[in-house]
Amino acid sequence: MAAGMHAAASGQLGTLFAPPSTEGPCTEPQSAPPSVEIVVLSEEQSQEAKAVLQERSRASRPSMAKYGEMLQCAENTADGSKVNRRLQLERQSGSLGKRIVDNMPILGLIPTMSWKTMRADLIAGLTVGVMVIPQSMSYASIAGLPYIYGMYAACVPTFVYAFLGQSRQLAVGPVAMVSLLIEAGLTGMLSEEECPASYKNGKLDSSVHQYEECPEQYVRLAILTAAVVGVLQIVGRLLKMGFLVSFLGHPVTSGFTSGAAIIIGTSQLKYILGFSIAKSEFFYITVWNIIKDIHQTKWMTVLLGLSWLAFLMTLKRLARRGGKLAMISPLGPLISCVAGSLLVFACAPLRDDFHVKYVGEIPSGLFPMSVHHWDLGSVFKVMPTALSVCLIGYMESIAIGKNLAAKHGHEIEAGQELFALGVSNLVGAMFSCYPVTGSFSRSAVANATGGLTQVAGIITSIVMLCTLMFLTPLFKFLPHFVLAAIVISSVIPLVAYSEAMKLWRIKKADFLLWIVACLGTLILGVLRGIGLAVVLSLMIVIYESVRPQITILWRIPGTTIYRSVKQ
């Protein structure tokens, strides 16, 4: 065995330790076939070869060097049992504190914070707080809820996540995708006893919106959905099921997101066009309803709505140039709200003659307790919607969190993020909030404005709390077309047509999956679109499992690195 190991070492290290040749340069070639000679290295050469191999191993796997040093230290310790007992006692004494810090990461960051870090988090928190005020109102309208419930959802869960989440820049709160899932999933879920106005001759009237006829019962159902989502996410953390989201293929999820974004955008066109459009989860029906009633268009509302949309898109384009202009885009929604409210308040003809619709009275004060309104008998009624929100919300949040963590050089644990979102939704449901998750746009703003820790999320929740307590009367004359412009400008980047073009160039099969997922969501509806996306993703996993990709590797000479022979 020793001879074999020395021979292997000699082959790895090349001719560095090979003995000198005894043949001269002019020796005649032998006619006999060449023989293989195994040369046994001397003890000194063996030790030197061992040292070289260990050095190469440490260089190729630096993470193992620390463990090697610990093992060497244990071998050289005369009384190793005492050291082990001491380490065990230290481990037990620090296990409780470590567990608390693991579940509340912010506690481990606060002692290391400086005034510079606090200043950066203050700026990021204020900026996101200003941005989320109009966004939360817009997203609540997508979910079919009164505006105030979007503001509740932007306050309580944001505060809870700041203590439990590992992502330092993730902005948690109401988002367009989850809001659409709530509206699509809860439509028609109220029984005839709960909402008799939505039934005709014992059958559900599809032309009647339950969230308009029975808003209080609909709100309770949405809050119960948040509680169920929270419980599902916490149970998923305990059962270590966070890995399931990895089965959703990127082309399929990108196609679903693009289709859902188009549905969200078209649902807001009624506020831009100025007339009521019968709402439907099917894209083609919504388009037909718009075309059928296009003659009812109010051109003043259209002119104002397109002007505000152009303003927001221009600000985003300017922000891409970086520098001082990068701060303009986050302030765009608030500037739009202020300008729109002043315009409608100052110009009475817009309200009286041109019939421009505005928000109206918004109640002020703290978020009310809602635990006593939970109807546990309706849990199975909202379970399909809760499962969809749980899956899509977690997938969106973990994708943003991991991307931002990689940029800043730290890691996040998928299980802890699932737990943090679950507790945020469950606590939020106790205080009249509907389901939330991480936001693409607000997280990007938090990162761009220099947010360094979760303290920025606490600042954001304080801004929203102050708004709820003192500033809601200022939104009375906020026009609907402004909120619609904010939503449309937010979802336009989610239509990943450039991703589809990229897939077309790289892999036609993935492009086909993107198209099927997108069109399936537009034609079949959001919830069925999710089902289609999951089925397609599982088919991809099964197909790649039975036909694995096989690559022949070769070692680059002089290194321990292997590459494909095709490269």
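Look above for the structure.
Basis of the calculations
- Residues numbered from 1 in each chain as written.
- Predicted model: local features only at pLDDT ≥ 70, side-chain atom pairs only at ≥ 80, totals over all residues.
- Heavy atoms only, no water.
- Axes fitted to C-alpha atoms, helices over the stretch in contact; angles between N-to-C directions.
- Helix = DSSP H or I, 4+ residues; strand = E, 2+ residues; numbered from the N terminus.
- Parallel < 35°, antiparallel > 145°, perpendicular 65-115°, else oblique.
- Left-handed = near helix turned anticlockwise from the far one by under 90°.
- Contact = heavy atoms within 4.5 Å.
- Nonpolar A, V, L, I, M, F, W, Y, C, P; charged D, E, K, R; others polar.
- Buried < 20%, exposed > 50% of the residue type's maximum accessible area, 1.4 Å probe, protein only.
- Core = buried A, V, L, I, M, F, W, Y, C linked by side-chain atoms within 4.5 Å.
- Phe/Tyr/Trp six-rings, centres within 6.5 Å; stacked < 30°, edge-to-face > 60°.

Colleague: For this particular structure, what's the right way to read the packing of helix 8 (residues 156-164) against helix 19 (residues 414-430)?
Modeller: How two helices sit against one another is set out by the angle between their axes and by the gap between those axes. Running from amino to carboxyl end, helix 8 crosses helix 19 at an angle of 150 degrees, the nearest separation of the two axes being 8 Å. Taken together, the axes of helix 8 and helix 19 lie roughly antiparallel to each other. Like other packed secondary-structure pairs, helix 8 and helix 19 cross with a definite hand, here right-handed. Together, V156, P157, V160, Y161 and L164 of helix 8 and Q416, E417, F419, A420, L421, V423, S424, V427 and G428 of helix 19 make up the contact between the two elements. Counted by class, the contact of helix 8 with helix 19 contains ten nonpolar, three polar and one charged residues.

Colleague: Teacher, can you tell me more about the environment of F470 here?
Modeller: For F470, the position within the fold is in helix 21 (residues 455-471). On the basis of relative accessible area, F470 is assigned to the exposed category, the value being 61%. Between the C-alpha atom of F470 and that of S364, which follows or precedes it by 106 residues, the distance is 6.9 Å.

Colleague: Please clarify how unusual backbone geometry should be interpreted in this entry.
Modeller: Of all residues except glycine, most have a negative phi; of all peptide bonds, most are trans. Its identity is not glycine, yet N201 carries a phi of approximately 55 degrees, on the positive side. Tracing the backbone through its elements, the reader meets N201 in the loop between strand 2 (199-200) and strand 3 (203-204).

Colleague: I'm lost on the nonpolar core in this one. Help?
Modeller: The tendency in soluble globular proteins is for nonpolar side chains to be buried as a group. Within the largest apolar cluster, 115 residues are counted, with the highest numbers of intra-cluster contacts made by M137, L145, I182, Y434, M464, L468 and L478. If one sorts the elements of this core by residue count, helix 18 (residues 379-408) sits on top with twelve residues. Among all residues touching L468, those that are not within four sequence positions of it are I148, M151, Y152, C155, S364, G365 and F367. Residues I106, M113, V455 and I458 belong to the second largest nonpolar core, which totals six residues.

Colleague: Sorry if this is basic, but what is going on with the packing of aromatic side chains here?
Modeller: The relation between two aromatic rings is expressed through the spacing of the ring centres and the mutual angle of the planes. Within this structure, the stated rule accounts for ten aromatic pairs. Each ring, one from Y358 and one from F477, has its centre 5.4 Å from the other, and the planes form 35 degrees; the classification is tilted. Note that Y358 is positioned in the loop between helix 17 (348-352) and helix 18 and F477 in the loop between helix 21 and helix 22 (480-491), a separation of 119 residues in sequence. With a relative accessible area of 18%, F477 lands in the buried category. On the basis of an interplanar angle of 80 degrees and a centroid distance of 5.7 Å, the ring pair of F367 and F431 is categorised as edge-to-face. Of this pair, F367 sits in the loop between helix 17 and helix 18 while F431 sits in the loop between helix 19 and strand 4 (437-438), and the two are 64 residues apart along the sequence. Residue classification places F367 among the buried residues on the basis of a relative accessible area of 19%.

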